[in-house]
Amino acid sequence: SQQGEEDPQALSIQEGENATMNCSYKTSINNLQWYRQNSGRGLVHLILIRSNEREKHSGRLRVTLDTSKKSSSLLITASRAADTASYFCATHHGAGNNRKLIWGLGTSLAVNP
Amino acid sequence: EAEVAQSPRYKITEKSQAVAFWCDPISGHATLYWYRQILGQGPELLVQFQDESVVDDSQLPKDRFSAERLKGVDSTLKIQPAELGDSAMYLCASSRIGQLTYEQYFGPGTRLTVT
């Protein structure tokens, strides 16, 4: 099945620095969602941005969406060691029973103390 | 806060054996999903249920995988016979019907190792 693309695949930063991850997709979307996955665990929903929105904030998270470029970015400010995880974007497509989430391959973030 | 329950958390089985995973979604969530996630990759949808009906099983290897949700609540995913390539994390998720934003809530997953 189609998947979005995220970059970088892996990112290593020091505590206190900002982390930026990017996601690109191929077809029109209803919304785009970011999830976090700690090692060996399930995914946790972080933030959602609708196709008619350009920027959204939630705590230390900032998401932007550029539908003309079919891309999104997730910024984590003032990173902490506890932010170490894999981050996935998922794009929501379709309607009714044809609704789907299409997942990216993820960015592995390591925040070093 | 309500959570999606999955069991077992870990399963080791020999190839050619049968294995089953169980999932109990958040109460009131009509839509249930089974995903497979290979290490280092994103989740891949195997099957999606709306109540007790299968909505999408296009990526389910039907020669060896089966899934059911008989009463529209909890669900079982079965593999028979298991193959080495089935080693992965199996994730269950649920979402509310009619929720336009389509956020999904995930369980902790079952880590399957086939030897």
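Quick caveat: nothing in here was measured; it's all calculated off a predicted structure.

What follows is about the pattern of salt bridges. Pairing of side chains with opposite charge becomes possible as their charged atoms draw close. All names here are of chain B. Within this structure, the stated rule accounts for 7 salt bridges over all chains. Across the pair Lys 62 and Asp 57 runs a salt bridge whose closest N-O atoms are separated by 3.7 Å. The partly exposed category is assigned to Asp 57, whose relative accessible area is 26%. A single network of salt bridges, built from pairs that share partners, joins Arg 64, Glu 83 and Asp 86.

Between chain A and chain B, the residue contacts involve 22 residues of the former and 25 residues of the latter. For the interface between chain A and chain B, the tally reads 1 salt bridge. In this structure, the salt-bridge partner of Lys 100 of chain A is Asp 56 of chain B, at a minimum N-O distance of 2.2 Å. Across the contact surface, chain A and chain B share 4 residue pairs in polar contact (both at pLDDT 80 or more). At the level of elements, β4 (31-37), β5 (43-50), β9 (85-93) and β10 (100-103) of chain A are the ones that each hand at least two residues to the side of chain A that touches chain B. Residues that form the side of chain A that touches chain B fall into these classes: 7 nonpolar, 11 polar and 4 charged.

Here the focus is the pairing of strand β8 (residues 75-79) of chain B. Residues and elements named next belong to chain B. In terms of burial, β8 is largely enclosed, as 4 of its 5 residues are buried. With 5 bridges joining them, strand β3 (residues 19-24) and β8 adopt antiparallel strand pairing. Note on β8: the bridge partner recorded for Val 19 is Ile 79. Hairpin connection of strand β7 (residues 65-68) to β8: 6 residues between the antiparallel strands, including Gly 72 at a positive phi of 75 degrees.

Turning our eyes to something else, we now look at the packing of aromatic side chains. In the structure shown here, the tally under the stated rule is 7 aromatic pairs over all chains. The interplanar angle of 55 degrees and the centroid separation of 4.8 Å between the aromatic rings of Tyr 35 of chain A and Trp 103 of chain A together place this pair among those described as tilted. Taken together, the positions of Tyr 35 of chain A in strand β4 and Trp 103 of chain A in strand β10 put the pair 68 residues apart, joining distant regions of the chain. Each of the two residues, Tyr 35 of chain A as well as Trp 103 of chain A, counts as buried. Ring centres of Tyr 35 of chain A and Phe 106 of chain B lie 5.9 Å apart, and the angle between their planes is 80 degrees; this geometry places the pair in the edge-to-face category. Taken as a pair, Tyr 35 of chain A in strand β4 and Phe 106 of chain B in strand β10 (residues 105-106) lie in two separate chains rather than in one.

With that out of the way, let us pick up the side chain of His 93 of chain A. Residue and element names in this part refer to chain A. Looking at where His 93 falls in the secondary structure, it is placed in strand β9. Among the residues examined, His 93 registers a relative accessible area of 12% and is labelled buried. There is a polar contact of 2.9 Å between the side chain of His 93 and the backbone oxygen of Ser 28. Engagement of the side chain of His 93 in a polar contact is seen with the side chain of Thr 91, the distance being 2.7 Å. Ignoring sequence-local partners within four residues, the contact set of His 93 consists of Thr 27, Ser 28, Ile 29, Asn 30, Asn 98, Arg 99, Lys 100 and Ile 102.

In this section: the sheet that holds strand β1 (residues 5-7) of chain B. Residues and elements named next belong to chain B. The strand order across the open sheet formed by 4 strands is β1-β3-β8-β7, and the pairing between neighbours is antiparallel. If you trace the sheet from one side to the other, it starts and ends with β1 and β7, each paired once. This sheet shows a mean twist of 15 degrees between the axes of neighbouring strands, independent of strand direction.

About the cut-offs
Residues numbered from 1 in each chain as written. Chains lettered and ligands numbered in written order. Predicted model: local features only at pLDDT ≥ 70, side-chain atom pairs only at ≥ 80, totals over all residues. Heavy atoms only, no water. Salt bridge = Lys/Arg side-chain N within 4 Å of Asp/Glu carboxyl O. Buried < 20%, exposed > 50% of the residue type's maximum accessible area, 1.4 Å probe, protein only. Contact = heavy atoms within 4.5 Å. Polar contact = N/O pair within 3.5 Å; in protein donor to acceptor, adjacent residues only side chain to side chain. Helix = DSSP H or I, 4+ residues; strand = E, 2+ residues; numbered from the N terminus. Nonpolar A, V, L, I, M, F, W, Y, C, P; charged D, E, K, R; others polar. Pairing = 2+ DSSP bridges. Phe/Tyr/Trp six-rings, centres within 6.5 Å; stacked < 30°, edge-to-face > 60°. Axes fitted to C-alpha atoms, helices over the stretch in contact; angles between N-to-C directions.

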